[in-house]
Each structure stands twice: as C-alpha cells, then as structure tokens.
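# Descriptive analysis of the structure
Listed here are the chains, written in short residue letters.
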Amino acid sequence: MTSTAQTPDTSLPLDMIIFGGMGDLAMRKLLPALYMAHLHGNLPPATRIISTGRQDFDRNAYLAFVEEHSRSFITGGAFTDEAWRGFLQLLEYVRIDVQQEGLDALARLSRPGAERAFYLATAPSLFTTICDKLAQAGLVDRNARVVLEKPLGRDLASAIEINEAVGKYFEESQIYRIDHYLGKETVQNLMVLRFGNSILEPLWRAPNITSVQITVAEEVGVGSRAGFYDSTGAMRDMVQNHLLQLLCIVAMEPPASLAPDAVRDEKLKVLRSLRRFSLANIARDTVRGQYVRGVSGNQEVKGYLEESNVPADSSTETFVALRTYVDTWRWSKVPFYLRTGKRMQRRSSKIVIEFANPPFPLFPETPGGVANRLVIELQPEEAIKLQLMAKQPGSGMQMQQVALNLDLQSAFSQRRAEAYERLLIDVVRGRLTHFMRRDELEAAWEWADPIIDGWRELGEKPNAYAAGTWGPPESFALLARDGFSWVE
Ligand code: BG6
C-alpha cells in the first residue's frame, strides 16, 4: 500500500473542522493544541476552526463553553489574554446532529479556495455517516484531509469497515490516523537515537539484547469515561495502538528515508512479524487485571467495579501484561514484555532495553543482576539513561550500576510541544510520517483480535490488583519465569 502525500499549500486559508467539537478531547487536547499552534504562528493565514456539536449554541455560547472547559488546559505559562482573544476569533460553531441531518450548514460556511481538514473526534460508529455526508455536501475534494481519532474500530472487521467507508471518498494520502504517542517528543527522539547514531545499531539485536520492556502506567482510574472504557478495556484502548506503536519503533529496521511510506513499511513488517497467540499461549503469556479499592496518591480510591457507570459484574480489564516475540532474525528469541494499566502506583511510561551480561564474571565482587540497560523514559519526565557498571571508589573491585544520563532538558532550551500540537501541525503541513497507515492499523488488530477472543473463550475473570500498586502478582511472575523483572 502506498500513499503519495500531496503537500498542502500552507499559504492558502485553512478550515479545520472538528466533529465532536464540544467533547472532552476537543476541550482538553485539540483546542489547547491549536491555541499553542496559533501562539507560535504555526497556523496558516486566515485559519478558521469550525467546531460542530449537537448543542443548540450560538457562537457566543460556544466561546463561553470553551472559556470554561478548555482554557484551563493551556499550561506552562503559555496563556496570554491577547493570544487567547486572537485564538477565539478563529473559532466558529455549527450545530449539527450528524445522525439526523445533512451537512448543509457546514457547506454554507465553506470558502472557495480554502484547504479543509476534518477532525473526526466522535465515536467511531459515526465515522461512516460523517464521511458519507461530507461527500454529499460536496466538501471532499483533493485538498481535503481527514483526521481519524482512535479507537479505530474494536476489532479487525470493524476497522476494515471504517477504512472502507473513509476510503470511498479520501485517498490514503489524505487520511491521518492519529496515535498521539507518535507525537510525543521522546518517541520521535527514539527514532533519532536509533537511526541518527551508529554506535547502537550493531548492538541493537539478539543476542546482545536479551529483553525489551514497554510500560505505560497511569495513576488515574477510569474517571468519567466508563461508558466508553467498559466496552473497550486496556487491550483495545492502549495495547493495540500506543504500546504496539512503541514496540514498532524499537523493533523496526532502519527505513530508507523519512518519507511516510518508508517509515510505515518498516513498522508494518514488525507488526506482521509479531508472533500470533494460540489459546495455550494466551493462558501462559498474558495477564489481565482489574483494580480494586486501594490507596492512590495518599487517598483511598474506589475499585473499578465501584466507579460510576461500571456494571457490578464487569470483567473488563484495566491492566494487561503480556510477553510476545518479533519473529525476525534481528529479534529471534528476544521476549518483548508489554504492560499497561490504570490506577497503578504512579504515572510512568518507559521502554527498557536489557543487554546481555558479560560472558564471564571477571570481577569477583560483581553484583548479580543486569549490567547494562538503556532506559527511555517517556513520561512524566523525558529522559534517556544508559546504565553501565562502574567501579566503586575504594581498595576493592566492587562494581555498581551508574547511569549515563542524556539530559535533554538542559541540552535544549526550546519549548517542547505537546503531542497533539505537533501532530496537528503535521496535519496542517501534510506530513504523514507519524500517522498510521491503513495496513498498519489492520495488522495491529490481526494480532490483537485472537487475544481478546481467547480471553472470552477462556472465560476467566481479570486478576485483582489494589489501586496504587504495579498490578497483579501474576504480572511479576510472567517475567520472573524467564529470569527478568519489571524495572520500575
Ligand atoms: C488514550 C486512552 O488514548 O491515552 C486513555 O484512551 C489514556 O485511556 C491516554 O488515559 C493516555 O495518554 P497519555 O498521553 O496521558 O499517556
């Protein structure tokens, strides 16, 4: 599959049209990101941001809503009255119930010669309807772009359905499937670390690397999103997309260029090389968890089943840990451990690459354990640390692990943009490299579906873990069995 990207003309006016313009994502992420892009002069001249929603608001009521629900998400001292007033002038609101009516109201606002980017931040069940109606209203032309927010389907079949529906009107080069993890600074930096240096490449393979861990731990619980989350679960919400994308960047071969298809071809190869799970593997190599009452941030917090809108007998997983393999020469027999969960001890996302120990313990006072690790911390702080053995000062030859710390914060004085800001600017400029192509998305579902189906078939309840911990004990056992342990 190829996608010949058309480069948009950023000197033309742009209409960014947000479906789901009153939703949580628009308020917490999209509008603050667009404000930042406006503040830093990264939006084309005469940009308009047209939000749509079902609420019977006029423009002023919408602006008041944005003021109340979005403004506080502009952080880091970036808020200024003047820039905010300028930003609000870009906003329009159109009341539309896409399930009930056509998009004539939107079409009436269209400007000849303007570029259009449609951001579909609604439930994916509406994507097909929206695309049909955009086409009926004559709003899709070769300059239009569409941004699809995850989750893109809930299995392979529904993902194909959405892709077909969108593909009826938009070329692959016009489709931006967003995974905001690909917009994170450290995730993009991982590509530079791997492919902008030559010293790591000879080591970046089996048997030099003995295991890879990818953790995305969240301290928050399900909050007010149970309606969505309970029918989704951690596998569909996090593993199928964010964690697999991280795995791809760790495991991919060097691409021939940074062109979208060159990068995405390599990620696709990784997804297609992921070992498929059988029922026996699922029972042995995956762990599902669900948080129960516990203490988080010094406060007693509810268990998942006590959260509002969660059915009392829900068996949705809020935690997943698993072991998988990338069956290629480079990664032969190297386990990849993935772990994600809500209500874990603290917010912490990291990738840990463990290297083989020296083949012979030369120093008699060598402590056990792993000598060398590369730890890439994605959040809350960004850091890249290479753990090496060093000699403890003194008369003996006692070793101790010390970290060579790539201090990115002090190396660069520039502001670090949030993932959504960076990705929205990519949409504006027509850069597809950090978005998922259709075949990538479908390959990720092809791998994830048998696991989800297998869990259903096995019929086991998720393992309980107390809120504020690192997940169920079974997750530790998964690694211990192979002689590894999670690096917290
Ligand atoms: C979203 C998930 O995609 O990612 C959420 O739907 C999750 O459940 C969020 O909380 C995590 O993103 P981040 O950037 O805060 O790690």
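Residues numbered from 1 in each chain as written. Predicted model: local features only at pLDDT ≥ 70, side-chain atom pairs only at ≥ 80, totals over all residues. Heavy atoms only, no water.

### Details of helix α15 (residues 473-480)
Structurally, the α-helix is built with 3.6 residues per turn, so residues lying three or four positions apart point the same way. Spelled out, the test is: Buried residues are those whose accessible area, probed at 1.4 Å on protein chains only, stays under 20% of the maximum for their type, while exposed residues exceed 50% and partly exposed ones sit between those limits. Runs of E in the DSSP output that reach at least two residues are strands. Runs of H or I that reach at least four are helices, and both are numbered from the N terminus. Along the arc lie the directions from the helix axis toward the C-beta atoms.
Along α15, the residues that are buried comprise Ser475, Leu478 and Leu479. For α15, the angular spread of buried residues about the axis comes to 85°, placing them on one side.

### Looking at the sheet that holds strand β4 (residues 115-120)
Basically, it comes down to this: When DSSP finds two or more bridges between two strands, those strands count as paired. In this analysis, axes come from line fits to C-alpha atoms, helices being fitted only over the stretch in contact, and the angle between any two N-to-C directions falls in the range 0 to 180 degrees.
Within the open sheet, the six strands sit side by side as β3-β2-β1-β4-β5-β6. Their pairing is parallel. Bordering the open sheet on either side are β3 (91-95) and β6 (175-177), each of which pairs with just one other strand. Strand-to-strand, the axes of this sheet are offset by a mean angle of 20°, without reference to chain direction. Direction of pairing for strand β1 (residues 14-19) relative to strand β2 (residues 48-53): parallel, over a ladder of five bridges.

### So, the sheet that holds strand β12 (residues 335-341)
Put simply, the rule is: Any two residues whose heavy atoms approach within 4.5 Å at even a single point are treated as in contact.
With respect to topology, nine strands assemble into an open sheet ordered β16-β15-β14-β13-β7-β12-β11-β8-β17, the strand pairing being mixed. Each end of this open sheet is capped by a strand with a single partner; those strands are β16 (399-406) and β17 (463-466). Pairs of neighbouring strands in the sheet enclose a mean axial angle of 20°, with direction left out of account. Pairing of strand β11 (residues 319-325) with β12 involves seven bridges; the strand directions are antiparallel. Looking at the pairing, Tyr325 lines up with Pro335 of β12. On the sheet, helix α7 (residues 185-195) packs against β13 (348-355), β14 (373-379), β15 (383-391) and β16 and is oriented at approximately 150° with respect to β14.

### Section: the site of the ligand
Rules: Only heavy atoms are used to decide nearness, and a residue is near a molecule or strand if one of them lies within 4 Å of it. Polar contact is the term for a pair of N or O atoms within 3.5 Å; when the atoms are in protein, one must be able to donate a hydrogen and the other to accept it, and sequence-neighboring residues count only if both atoms are side-chain atoms. Per-residue accessibility takes into account occlusion by the displayed protein chains alone, with areas from the Shrake-Rupley method and a 1.4 Å probe.
Every residue close to the ligand is listed here: Lys150, His180, Tyr181, Lys184, Glu218, Arg225, Asp237, Met238, His242, Lys342, Arg347 and Gln379. Measuring from an oxygen atom of the ligand, one finds a side-chain N or O atom of His180 at 2.7 Å. A distance of 2.6 Å separates an oxygen atom of the ligand from a polar atom in the side chain of Asp237. For the ligand, whose accessible area on its own is 400 Å², the fraction buried by protein is 82%. For the shell around the ligand, the element with the highest residue contribution is helix α9 (residues 233-251), accounting for three residues.

### So, the pattern of salt bridges
A pair can form between side chains of opposite charge whenever their charged atoms are brought close. Note the following rule: Here, a salt bridge means any side-chain nitrogen of Lys or Arg that lies within 4 Å of a carboxyl oxygen of Asp or Glu.
One pass over the full model with this rule turns up 39 salt bridges. A salt bridge links Glu201 to Arg205; its shortest N-O distance comes to 3.1 Å. A relative accessible area of 21% means that Glu201 is categorised as partly exposed. On the accessibility criterion, Arg205 (28% relative accessible area) is partly exposed. Linking Arg284 and Asp285 is a salt bridge whose minimum nitrogen-to-oxygen distance equals 3.1 Å. Asp285 gets classed as buried once you look at its relative accessible area, which sits at 4%. Members of the salt-bridge network, linked through shared partners, are Arg194, Glu201, Arg205, Glu253 and Arg330.

### Observations concerning helix α14 (residues 438-458)
Condition: What a helix should span is 1.5 Å times the count of its residues minus one. Note that the bend at a residue is defined as the angle between axes fitted to the seven residues ending at it and the seven residues starting at it.
Spanning 21 residues, α14 covers 30 Å between terminal C-alpha atoms, matching the ideal 30 Å at 1.5 Å per step. Along its length, α14 reaches its greatest deviation from straightness, about 30°, at Ala448, and the proline Pro450 lies no more than four positions downstream. With 15 of its 21 residues buried, α14 lies for the most part within the structure. Gly459 lies just past α14 and shows a positive phi near 70°.

### Here's the deal with unusual backbone geometry
That bond from Lys150 to Pro151 is cis: its omega, 0°, falls within 30 degrees of zero. Counting through the fold element by element, Pro151 comes out in the loop between β5 (145-148) and α6 (156-167). A cis amide bond, omega 0°, links Ala206 with the succeeding residue Pro207. Within the secondary structure, Pro207 is located in the loop between α7 and β7 (209-217). Even without a glycine there, the phi angle at Ala46 is positive, about 55°. In this fold, Ala46 is placed in the loop between α1 (24-39) and β2. We note that Arg343 has phi near 55°; this positive angle belongs to a residue other than glycine. If you trace the backbone, Arg343 turns up in the loop between β12 and β13. Since its relative accessible area comes to 16%, Arg343 is described here as buried.

### Topic: the packing of aromatic side chains
How we decide: What counts as a ring pair is set by centres within 6.5 Å for rings of Phe, Tyr and Trp (its six-membered ring), and what kind of pair is set by the plane angle: stacked under 30 degrees, edge-to-face over 60, tilted for all other angles.
Under the counting rule described, the total for this entry stands at 18 aromatic pairs. Aromatic side chains Phe57 and Tyr93 sit 6.0 Å apart centroid to centroid with 55° between the ring planes, which places their arrangement in the tilted category. Of this pair, Phe57 sits in the loop between β2 and α2 (59-69) while Tyr93 sits in strand β3, placing them 36 residues apart in sequence. Its relative accessible area of 22% is what places Phe57 among the partly exposed residues. On the numbers, 5.0 Å between centres and 85° between planes, the contact of Tyr176 with Phe435 is edge-to-face. Of this pair, Tyr176 sits in strand β6 while Phe435 sits in the loop between α13 (419-429) and α14, placing them 259 residues apart in sequence.

### Description of the pairing of β15
As paired strands, β14 and β15 are joined by five bridges and run antiparallel to one another. Bridge pairing in β15 places Val375 opposite Lys385. Counted along the chain from β14 to the antiparallel partner β15, the turn is three residues long. Alignment of β15 against β16, held across eight bridges, turns out to be antiparallel. Bridge assignment links Leu388 to a residue of β16, and that residue is Val402.

Purely geometric numbers; function is a separate question.
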